[in-house]
Amino acid sequence: MLQKDVKLDNTTKSWVLKKHIDFLQSFGKERHQYESSMMEFLRMSGMYWGLTALYLINDGKIPKEDEIFEYVKSCEHSCGGYSPAPGHDPHLLYTLSAVQIACLINRESELPIEKIVSYVSKLQQDDGSFTGDKWGEVDTRYSFCALACLSLLGKLNEINLVKAVEFVKCCQNFDGGFGSRPGAESHGGLIYCCVGSLSIAGRLDLVDADTLGWWLAERQLPSGGLNGRPEKLPDVCYSWWVFSTLNILGRDHWIDKEELKTFILASQDNEGGGFSDRPGDEPDPFHTLFGLAALSLMSYDKILPIDPTFCMPKAVINRLGLKPQTLS
Ligand SMILES: COc1ccc(S(=O)(=O)N2Cc3cc(-c4ccc(C=O)o4)ccc3N(Cc3cncn3C)C[C@H]2Cc2ccc(O)cc2)cc1
Ligand SMILES: [Zn+2]
């Protein structure tokens with residue numbers, strides 16, 4: 001079977017740092033007005049992706065912190081959950097993004113912490129799993145959102161952590177990977193969510209690190225890029241999901257970092273800045289964060305260090321006194 005991959009033109013690129021700062025600072029303004037209105041349904045997450053990326057390459061400086069915190073507050077619901085934009089419904093995805101943004105700008109103590117804890121706790125099911133909102137769709141993505149959100153607020157003990165870990169374990173497959181629910185196939189993004197959950201819970205002993213490490217290393221293609229499942233095309237965001245998981249498991253040397261770096265740099269937009277999912281596509285804040293975050297794990301140039309479990313600057317995780325488990 002011909003292996004699906006992309007062909008890189010052979011110029012190893014350096015990176016256009018200044019243009020990435022411009023791209024991130026202008027996203028949502030006139031240049032991207034249409035796109036930003038199209039993306040209203042995920043705007044709180046879009047702000048977390050854009051602001052975290054900017055923090056990493058702009059020396060930790062984030063402009064208009066008061067305006068940002070006003071926006072976060074405008075999306076707060078009486079139940080303690082946050083919506084992606086005013087007038088939308090609250091959801092666990094955007095509640096995590098809201099807490100992450102507050103931590104980035106040092107304002108987490110001004111959040112209604114007890115109400116957020118109550119919102120997240122109510123989403124935990126009897127089997128330890130979490131739904132994304134009251135409509136009840138269970139997915140290991142939401143286990144990660146719940147544990148990351150409460151851990152950032154120092155309230156991890158307010159949910160049943162033993163049951164939460166038990167559910168993640170039930171989603172482990174024979175290939176060492178994890179899926180969205182028990183029996184679902186292994187997928188790079190969900191493996192990151194499950195290993196990230198176990199890292200926050202201090203239960204990486206439950207992971208078969210050699211079998212999973214091997215499956216993750218198999219994601220690297222001749223282009224240097226990583227895919228999320230066998231036979232899929234490489235994609236910059238998997239540089240994060242797969243590579244940060246290998247980093248947590250202490251096996252990031254099992255892939256060729258130089259080749260991964262070349263793939264990521266080939267996916268940057270030299271004109272307008274930003275990174276796309278693969279070379280030649282449109283850049284967006286989502287792939288810009290995950291490309292920069294993977295480069296940060298490789299200590300590329302002057303990108304500030306990032307925490308592999310929370311996908312947040314190490315300086316913020318240290319300030320909060322958090323120590324997510326990793327296997328050295
Ligand atoms: C452009 O098409 C999509 C498809 C899915 C989504 S998503 O919200 O379900 N989601 C996140 C995601 C975001 C973007 C994007 C474009 C512009 C912005 C502004 O900030 O963000 C683009 C893609 C994307 N996807 C889809 C994707 C990424 N790589 C391959 N694909 C198919 C991921 C998707 C699921 C998701 C992942 C992580 C997360 O924290 C939240 C949602 C969004 C746009
Ligand atoms: Zn992607």
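These figures come from a predicted structure and were not determined experimentally.

Definitions and cut-offs
- Residues numbered from 1 in each chain as written.
- Chains lettered and ligands numbered in written order.
- Predicted model: local features only at pLDDT ≥ 70, side-chain atom pairs only at ≥ 80, totals over all residues.
- Heavy atoms only, no water.
- Salt bridge = Lys/Arg side-chain N within 4 Å of Asp/Glu carboxyl O.
- Buried < 20%, exposed > 50% of the residue type's maximum accessible area, 1.4 Å probe, protein only.
- Donors = N, O, S within 2.8 Å, 3.2 Å for Na, K, Ca; no water.
- Helix = DSSP H or I, 4+ residues; strand = E, 2+ residues; numbered from the N terminus.

A. Summary view of the pattern of salt bridges. Taken as a whole and assessed by the stated rule, the structure comprises 16 salt bridges. Where aspartate 252 meets lysine 257, a salt bridge forms, and the shortest distance between an N and an O atom there is 3.7 Å. Judged by relative accessible area, which is 31%, lysine 257 ranks as partly exposed. For aspartate 307, the salt bridge identified is with lysine 314, shortest N-O distance 2.8 Å. Assessed through its relative accessible area of 2%, aspartate 307 is described here as buried. Counted as one network, the salt bridges with shared partners bring together Asp66, Arg107 and Glu110.

B. The coordination of the zinc ion (ligand 2), seen in detail. Within the protein, Asp235 (OD), Asp235 (OD), Cys237 (SG) and His287 (NE2) serve as the donor atoms for the zinc ion (ligand 2), at 2.1 to 2.4 Å. Along the chain, the residues donating to the zinc ion (ligand 2) fall in the pattern D-x1-C-x49-H. Of this pair, cysteine 237 sits in helix α11 (residues 236–248) while histidine 287 is found in helix α13 (residues 285–297), placing the two residues 50 residues apart along the sequence. We classify cysteine 237 as buried; its relative accessible area is 6%.

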